[in-house]
Every structure is written in C-alpha cells, then in structure tokens.
Amino acid sequence: MVKICCIGAGYVGGPTMAVIALKCPKIEVAVVDISVSRIAAWNGDQLPIYEPGLEDVVTQCRGRNLFFSTDIEKHVAEADIVFVSVNTPTKTQGLGAGKAADLTYWESAARMIANVSNSNKIVVEKSTVPVKTAEAIEKILTHNSREIKYQILSNPEFLAEGTAIQDLFNPDRVLIGGRETPEGQKAIQALKDVYAHWVPEDRIITTNLWSAELSKLAANAFLAQRISSVNAMSALCEATGADVTQVSHAIGKDTRIGPRFLNSSVGFGGSCFQKDILNLVYICECNGLTEVANYWKQVIKVNDYQKNRFVNRIVSSMFNTVSGKKIAILGFAFKKDTGDTRETPAIDVCKGLLGDKAKLSIYDPQVTEDQIQRDLSMKKFDWDHPIHLQPMSPPASKQVSVVWDAYQAAKDAHGVCILTEWDEFKTLDYQKIFDNMRKPAYIFDGRNILDVEKLREIGFIVYSIGKPLDPWHKDTLAVA
Ligand code: UDX
Ligand code: ADP
C-alpha cells in the first residue's frame, strides 16, 4: 500500500489530503502537524477550517485511510511520498524583509525528514515557495541523506478557499514539476498515478521544477493583476460617472479577456496574492530585473490605494471626522464562504477607521471575536506563523465590539460598511437598519452587492465602489 504523509494540516494540506484519501481508497494518507489543537480539531466534530463540502469528505475517510496526527516523525518515516505544506511567511527582518519568503518552517521540515527517513522518498512542495526552493531543499536532504535517495517535486496547489473541494474534485489542471533525469521522471509518474485516480490525464501537466514553482507565483500574480486593473478602473469610473460593473461586463464579453475576476472590490486579500507577488518582486530584483519588479509591485500598490480610498471616502463624507462615531462593519473574512481573515482588506479598512478614532461594531458570520481582535492588533506579517508562535490573544480594544447579528451592528451607527460579499447581506431588511441608525445614514458597499437605487429610496447616502457617485459624495471628494 502506498503511504502518503503531509506535513502541515492547514487550509491547503487538510482539504487536499482529504480528497486524495477519498479518491484513492488504497492509499493511506496521514496529515501531521505540530499544532496539537489543530490536529485535535481535525479529529473532532468541529473541523479547524470552514470549507463547504469538507466535512462530508473527512467523515467518509477519517479512520479508514485518512489519519490526523501529531506523531510527525513516525508518519514521515513510514511514508513513500511526503507532501510539505507548512507556513511560508514573508520575512519581517534581515535580508529581503517585507518581500522574501521566510523558509524557516520549510527548512526545519526538510531537516526533520532527513533525520527520520530510513527509506527512499519523494518529497513534494505543496506550500507556495519562491522559485528554486526545491533546489535548496534537495541540498539539505542530499547532504544529510545517509544513503537514502530523495526526489523533490513541485506540485503547487491552485485551489481557492470557499470552493476548495470542488476545485480539488475537478481541477483546471494539476501541475507537477520535477527533475529531467530518469529518477525525476519516475517520481513525477508516481505522483501522476495518484492524481490519475480522478483527474483526466490531459489535465495533468508536467514541467521542470522551476517552471512549476514559477507558474504558481505567475498564476496568482496574473489573477491579482486583473483585480487591481479593475479596481484602478473603479477610481476612474467614480471620477467620470461611468459604472465599473457595466465596464467589467462589457470587457468580460471579449472572449480573449473573459468574465471572471473582474469584480471591483475594496481590495483583494487572502494568504496568497500579496505574498506571492512580493516573492515574485524579490526574485526579479535579485535577478536585476528592476522594471519587471516595479511592474508587479504596482499591483500591490493599487490594492493598498483601493483600501485607503475606501477609508478616505468614509471619513470625508462624514464631515472629515469619524471620531467617536459608531460604524458597522459587515463582513471581516477576505471573501465569502470562508472564515479565513489572512490579509483581509477588512483589517486595513478597520485600522484606518480606528486611526481616525471611530468605534467599530463588527459582524461576520464565520469569524470569531478572538480572531478579529488578534487581526486588529497583530503586526503585518505575524499571521503567517504557526499558531503557537503568534502573539497571544490581545486585550480587547475598547473601540471595537464584535456582535453576532448585522442589525445589532448597525443599531445607532452612523454608517454601515460592507467588506465581505456574504449572501446574507444582500437580503437584510435595510429599511429596518435605516430606521435604527443615526442620520444622515450612510452605506459604503465595498463589494457592489447591494441595490443602490433601492437604498437611496429608503434614504441612505450610498457609496458603492466604482459606481456613479451621489451628490453628497461629489461634494466631499476624498483624496487618497
Ligand atoms: C487564490 C487563487 O484563486 C488560488 O488559485 C490560489 O491557490 C490561492 O489564492 P483564494 O485566496 O482562496 O485563492 O481566493 P480568490 O477567490 O482568488 O480571491 C482572492 C481575493 O480577491 C479575495 O479577497 C476576493 O474577494 C478578491 N476578488 C476576487 C476580487 O476582489 N474581485 C474578483 O473579481 C475576484
Ligand atoms: P496553508 O494555507 O498554506 O495551508 P496554514 O498556515 O493554514 O497554511 O497551515 C500550515 C500548517 O503547517 C500549520 O497548521 C502549522 O502548524 C504547520 N507547521 C508549520 N511548521 C511545521 C512543522 N515543522 N511540522 C509540522 N507542521 C508544521
């Protein structure tokens, strides 16, 4: 029986391994992690991540051929294929700070593999890592090998949160990079055989190691660039009276452009986009490609600009001060159908408003109060470390309250901000919300999910990203 072990039971490792176990009943899959609480949650009734369809997959295979464990060394020693899916934060200190990936956790995983292995292994990169990480890992393994042979593969994950299970069941492609030697090709084939249990052959692409590593960064950079492009357009639309949703629709009809990833928003978030672009920028700079680095940097700059613009719009429309004013924040996750808050634009928007002394009342259907308070007090890249190394729970900020209902959040508020596109926000009783708010009552829709005209009829002053401004906002133009 083939044995797989995955180091790192996070958003990538957990769902990916669960689907491999489901689709390959003859393969034994162990998912291991240093976090005792995370493994306990994977083994319990309340899984550590919220992902539609995941629970069903896990309950079908857990205890059969899917195991979650903290006994890392045992499972790594027994495995034929070891996936590594550990944290790869952005460095906060030293060479490449603010850009380069911190490979501390990857390196320690690699050294541990070298220490405990007593049979040949295929080691698969699953975390997003900079180009040529595989080469570095290969060096660590071979220099500590004790006669054992390792083949390193890069098998980047393209799943998106909220649709992870569907993406894994039916991927656009599976990408496997490996060495162009006979041993490398054999390892590629072994991993291909795993995916071939359910993925059609023509969707499994094989490349050399570096192409696979770079493709992951490139795919995320291209996707993020589309969002920054449409967000840049949204600013122009507001300035000129065009409607960004109409522009997106019109350009998306061009089959060469396509309709997806053209929704203007308060900014993109998530654990990958910013980190991967920063990595890309760093790699370009290290290779002397300043122009290329600057090109990709601009995608992040526009994203930051979009978040700032949103905050400025709120403050300027409320007579240039939100000091002491209650503002309701609806949605904190970085997108709907996930409880994940990593790099969510809500953090920067909330921090911006708090900086102007607003009082925030935050509601998100999937994010806990502890998480929100942590996010608002953590330093920029702290979130991307194993949980036990993150700062302890902070004392709750007096300016922030977290509530479990949108109506309560909006009660007596001056303004309501939509920061995540949760479906339930589309069908709230906005008349009731309006009646219980201070006047003038403002709505700032950072996701373009609300019916602007209806809200204006109720009496709200409405701002919706990239839509024609109402006269109130025209008179209070925000300077970013
Ligand atoms: C992304 C990639 O899609 C996935 O392939 C990769 O493996 C990991 O990174 P994810 O971070 O889960 O996945 O979310 P995604 O759906 O790509 O959204 C990222 C951010 O962009 C979210 O904040 C989302 O709200 C925002 N977004 C997306 C927009 O603002 N507009 C859009 O049109 C699409
Ligand atoms: P991703 O979104 O890439 O899956 P996560 O942060 O959700 O990232 O998951 C990474 C997981 O890796 C965390 O649960 C963390 O505890 C785990 N981890 C980090 N370093 C190690 C290690 N050396 N051995 C085992 N698990 C590790």
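Residues numbered from 1 in each chain as written. Chains lettered and ligands numbered in written order. Predicted model: local features only at pLDDT ≥ 70, side-chain atom pairs only at ≥ 80, totals over all residues.

### Side note on the overall build of the protein
The test is simple: Working definition: helices are DSSP H or I runs of at least four residues, strands are E runs of at least two. Numbering for both runs from the N terminus. Radius of gyration here uses only the C-alpha atoms, and the compact-globule reference equals 2.2 Å multiplied by the residue count raised to the power 0.38. Residue burial is a threshold on neighbouring C-beta atoms within 10 Å of the residue's own C-beta, all placed from the backbone, with 20 or more meaning buried, 12 or fewer meaning exposed, and counts in between meaning partly exposed.
When its secondary structure is counted, the protein shows 18 helices and 14 strands. Against the compact-globule benchmark of 23 Å for 480 residues, the protein has a radius of gyration of 24 Å, which places it among compact chains. For the protein, the proportion of its 480 residues judged to be buried stands at 45%.

### A few points about the packing of helix α9 (residues 209-240) against helix α10 (residues 244-252)
Quick reminder of the rule: Under this scheme, a helix contributes an axis fitted over its contacting stretch, all axes are lines through C-alpha atoms, and angles between N-to-C directions fall in the 0 to 180 degree range. Roughly parallel means an angle under 35 degrees; roughly antiparallel means over 145; roughly perpendicular covers 65 to 115; every other angle is labelled oblique. Left-handed describes a crossing whose near helix is turned anticlockwise from the far helix by less than a right angle; the clockwise case is right-handed. For every residue pair, C-beta atoms are placed from the backbone, and the pair is scored as a contact if these atoms sit within 7 Å.
Where α9 meets α10, the axes come as close as 9 Å, and the angle between the chain directions of the two elements is 135°. Relative to α10, the element α9 is oriented oblique. For the pair α9 and α10, the sense of crossing is right-handed. On α10, the residues that touch Val230, Met233, Ser234 and Cys237 of α9 are Val244, Val247 and Ser248.

### Some points on the site of ligand 1
Applied cut-off: Any residue whose C-beta atom, as set from the backbone, lies within 6 Å of a molecule or strand is reported as near that molecule or strand. Residue polarity follows a fixed list, in which Ala, Val, Leu, Ile, Met, Phe, Trp, Tyr, Cys and Pro are nonpolar, Asp, Glu, Lys and Arg are charged, and the others, Gly among them, are polar. Domain borders in the structure are assigned automatically or taken from a domain database.
Inspection of the region around ligand 1 gives 19 residues, with Asn263, Ser265, Phe268, Gly270 and Cys272 positioned closest. If one sorts the elements of the shell around ligand 1 by residue count, α9 sits on top with 3 residues. Classifying every residue of the shell around ligand 1 gives 11 nonpolar, 5 polar and 3 charged. Of the domains in this structure, domain 1 (3-199) and domain 2 (220-475) are the two that each give at least three residues to the shell around ligand 1.

### Some remarks on the site of ligand 2
The immediate surroundings of ligand 2 are formed by 21 residues, with Gly8, Gly10, Tyr11, Val12 and Pro386 found nearest. With 3 residues, helix α5 (residues 104-116) is the largest single contributor of residues to the shell around ligand 2. Taken together, the residues of the shell around ligand 2 break down into 10 nonpolar, 9 polar and 2 charged.

### Re the nonpolar core
We apply this condition: To count as a nonpolar core, a set of buried Ala, Val, Leu, Ile, Met, Phe, Trp, Tyr and Cys residues must be joined through C-beta atoms within 7 Å.
Core analysis: the biggest nonpolar cluster contains 71 residues, and Ile329, Leu330 and Cys417 have the highest contact counts within it. Leaving out residues up to four positions away in the same chain, Leu330 has contacts with Tyr363, Ala406, Ala409, Val416, Cys417, Ile418, Leu419 and Phe425.

### Remarks on the domain arrangement of the protein
Taken domain by domain, the protein consists of domain 1 (3-199) and domain 2 (220-475). Taking the mean C-alpha position of each, domain 1 and domain 2 sit 32 Å from one another. The partner domain 2 presents 22 residues to the 19 residues of domain 1 that form the contact. Grouping the constituent residues of the side of domain 1 that touches domain 2 by class yields 10 nonpolar, 7 polar and 2 charged.

### What to know about the pairing of strand β1 (residues 3-7)
Convention followed: Strands qualify as paired when DSSP identifies two bridges or more between them. Crossovers are described as right-handed under a simple rule: with the strands pointing away from the observer, the path leading from the first strand over the helix to the second runs clockwise.
Most of β1 sits out of view: 4 of its 5 residues are buried. Where β1 lies against strand β2 (residues 28-32), 5 bridges are found, and the strand directions are parallel. Across the sheet, residue Cys6 finds its bridge partner in β2, namely Val31. A crossover links β1 with its parallel partner β2, the connecting element being helix α1 (residues 13-23), and its sense is right-handed. Bridge analysis of β1 against strand β4 (residues 81-84) gives 4 bridges, and the strand direction is parallel. Paired with Cys5 across the bridge in β4 is Val82.

### Section: the pairing of strand β8 (residues 204-208)
Side-chain positions along a regular strand alternate between the two faces of the sheet. Both strand β7 (residues 174-178) and β8 contribute to a ladder of 5 bridges, which runs parallel. Directly across from Gly178, in β8, lies its bridge partner Asn208. Note on the crossover from β7 through helix α8 (residues 182-195) to β8: the handedness is right-handed.

### With respect to the environment of Asp337
Of note, Asp337 is situated in the loop between β9 (326-330) and α13 (345-355). When the C-alpha atoms of Asp337 and Thr163 are compared, they prove to be 8.3 Å apart, with 174 residues separating the residues in sequence. Aside from chain neighbours lying at most four places away, what touches Asp337 is Pro52 and Gly162.

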